[in-house]
Amino acid sequence: MSHLRTQFPFFRQHPELVYFDSAATAQVPQTVVDAITDYYIRAKVNVHRSGYRLASQLTDRFEQVRSDVATYINAPSARQIVFTYGTTDGFNLLAQALSSRLKAGDEIILTEAEHHANLVPWQQLAHKLGLVLRWIPVDKHGAIQWQQLDSLLSQRTRLVCFAHASNTLGAYAPIKTLVAKIHAVGALCIVDGAQAIAHCQVDVQAMDCDAYLFSGHKLYGPTGVGVLYAREGLLDDAAVYRSGGEMVQQVAKSHSEFQPMPLKYEAGTPNISAVLGLGAAIAWCRDNLTDAIFAHEQQIYRDLRQGLSARAGIELVGEDTDGVPLILFKSAQLHPQDLALALDAQNICVRTGKHCAMVLHDALHSDGLVRLSVAAYNNRQDVERFFSALDRALTIEDDDMALPTAQLPEL
Ligand code: PMP
């Protein structure tokens, strides 16, 4: 969609690049850059502290972002929105906060497709407290075997944590069905929204999940900020995470009393410019991410899948879904790393490796794959340029790996 693309300064700076790595991080519209620079130029004061007018105006603007995020994901109130430093930080927060409710022998269910952010913190907690991790498997085609949840759930299950859509397989989890089963045994349902948030309308009340997490930088916003939505009451009596200034109401030599949600989980000076940038990103998404744009992304996804499946020696991995528009593949001729290098030499940006999902790659017996991920600003020319670069890469001989590297301006 060309009217969208022109709003992203990155593409003006880099007309030479084809960017199919938005699942790693999405580009930002000019309005996000403006919100960040505006803070540094016009309002570089702290929030929630000083009483002078500029500081209280800035605090209002900061808190308005919290309300806007709540509205965007249909959370009942801004009280339930905690600003984190990203999805990974949010999972570490949750693991720490919920630790006070868990004891040896309690079980946490994950899928084999989880990103390390929704795996390693639970694994660490399991080692510390003697918890048991149980796994919903992935079949050899990359389909998560959701029906196995029934036999894994029991009175010992405390948490079930999974991605709304994984960063490798793309399909949306059948959240409503899963949540009903999870709640029936009295467990909590924690959803990693890092990938899904930019590609569908998220409604946390309709999902009925207990927590939903995402990062600003995958939602056309800045790095260094994320969101943890926690159901009303979930974290009120939970353990604190980072402690220090601003998350306390009273501090004496022997003990402290903490702020209520959400400030209890926002110790120290937050990443103010990034929160304001996230506010601009949310406004941009609200105004631009229509069903027509989601359909446009799906069309690019289909064109890429079709073109790849028509090429000899290319194997697509993972189901063809109408989920998040990302594609995994490998080539019979070239190692994924070599293929990615040959594409990079032609200014095509893709992700390769194990995509922070090593348990999934073990399940698929894979030692690495190439990933293409699509966002609202990708267009038909990106697809054509990708395939002409791919065809060129696939015809190079082993002893002729060195394609002439295209010019890339130095940073
Ligand atoms: N979960 C998923 C599904 C992701 O794709 C990512 C980022 N690749 C994360 C969690 C972690 O996000 P961040 O690196 O922004 O903390």
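Conventions we followed
- Residues numbered from 1 in each chain as written.
- Predicted model: local features only at pLDDT ≥ 70, side-chain atom pairs only at ≥ 80, totals over all residues.
- Axes fitted to C-alpha atoms, helices over the stretch in contact; angles between N-to-C directions.
- Helix = DSSP H or I, 4+ residues; strand = E, 2+ residues; numbered from the N terminus.
- Parallel < 35°, antiparallel > 145°, perpendicular 65-115°, else oblique.
- Left-handed = near helix turned anticlockwise from the far one by under 90°.
- Contact = placed C-beta atoms within 7 Å.
- Nonpolar A, V, L, I, M, F, W, Y, C, P; charged D, E, K, R; others polar.
- Domains from an automatic or database assignment.
- Pairing = 2+ DSSP bridges.
- Buried ≥ 20, exposed ≤ 12 C-beta atoms within 10 Å, placed from the backbone.
- Right-handed = clockwise from strand over helix to strand, strands pointing away.

Side note on the packing of helix α3 (residues 30-42) against helix α10 (residues 272-288)
Then comes step 1: Where α3 contacts α10, the axes come no closer than 8 Å and their chain directions differ by 150°. Compared by their axis directions, α3 and α10 come out roughly antiparallel. For the element pair α3 and α10, the recorded crossing hand is right-handed. For the pair α3 and α10, the contacting residues are T31, V32, A35, I36, Y39 and Y40 in the first and I272, S273, L276, G277, G279, A280, A281 and W284 in the second.
Then comes step 2: Across the contact of α3 with α10, the residue classes break down as ten nonpolar, four polar and no charged.

Observations concerning the domain arrangement of the chain
Then comes step 1: Here the domain parsing of the chain yields domain 1 (2-29 + 290-400) and domain 2 (31-287).
Then comes step 2: For domain 1 and domain 2, the distance between their C-alpha centres works out to 28 Å.
Then comes step 3: Contributing elements (two or more residues each) for the side of domain 1 that touches domain 2: α11 (291-309), β12 (326-331) and α13 (358-363).
Then comes step 4: Broken down by element, the residue count for the side of domain 1 that touches domain 2 peaks at three residues, all from α13.
Then comes step 5: A class-by-class count of the residues in the side of domain 1 that touches domain 2 yields 18 nonpolar, five polar and three charged.

Re the sheet that holds strand β7 (residues 211-215)
Sheet strands associate in pairs through backbone hydrogen bonding, adopting either a parallel or an antiparallel arrangement.
Then comes step 1: Pairing in this open sheet of seven strands is mixed, and the strands run β2-β8-β7-β6-β5-β3-β4 from one edge to the other. Bordering the open sheet on either side are β2 (81-84) and β4 (132-136), each of which pairs with just one other strand. Strand-to-strand twist across the sheet, computed as the mean angle between neighbouring axes with direction ignored, equals 20°.
Then comes step 2: Bridge count for strand β5 (residues 157-163) against strand β6 (residues 188-192) is five bridges, and the pairing is parallel. Note on β6: the bridge partner recorded for L159 is L188.

Considering the pairing of strand β3 (residues 107-111)
Then comes step 1: Most of β3 sits out of view: five of its five residues are buried.
Then comes step 2: Burial along β3 is two-sided: E107, I109 and T111 and I108 and L110, pointing in opposite directions, are all buried.
Then comes step 3: Sheet topology note: the β3/β4 ladder contains five bridges and is parallel. By the bridge assignment, I108 is partnered in β4 with L133.
Then comes step 4: In this view, the connection linking β3 to its parallel neighbour β4 by way of helix α6 (residues 120-129) has right-handed handedness.
Then comes step 5: In the sheet, β3 pairs with β5 via four bridges, with the strands oriented parallel. From the neighbouring strand, E107 faces β5, where its bridge partner is T157.

Observations concerning the pairing of strand β15 (residues 369-373)
Then comes step 1: Here β15 lies mainly inside the structure; five of its five residues are buried.
Then comes step 2: In β15, alternate side chains face the same way, and those of L369, R371 and S373 on one face and V370 and L372 on the other are all buried.
Then comes step 3: Bridge count for β12 against β15 is four bridges, and the pairing is antiparallel. Bridged to I327 within β15 is L372.
Then comes step 4: Across three bridges, strand β14 (residues 351-353) lies against β15 in antiparallel orientation. Bridge pairing in β15 links T352 to V370.

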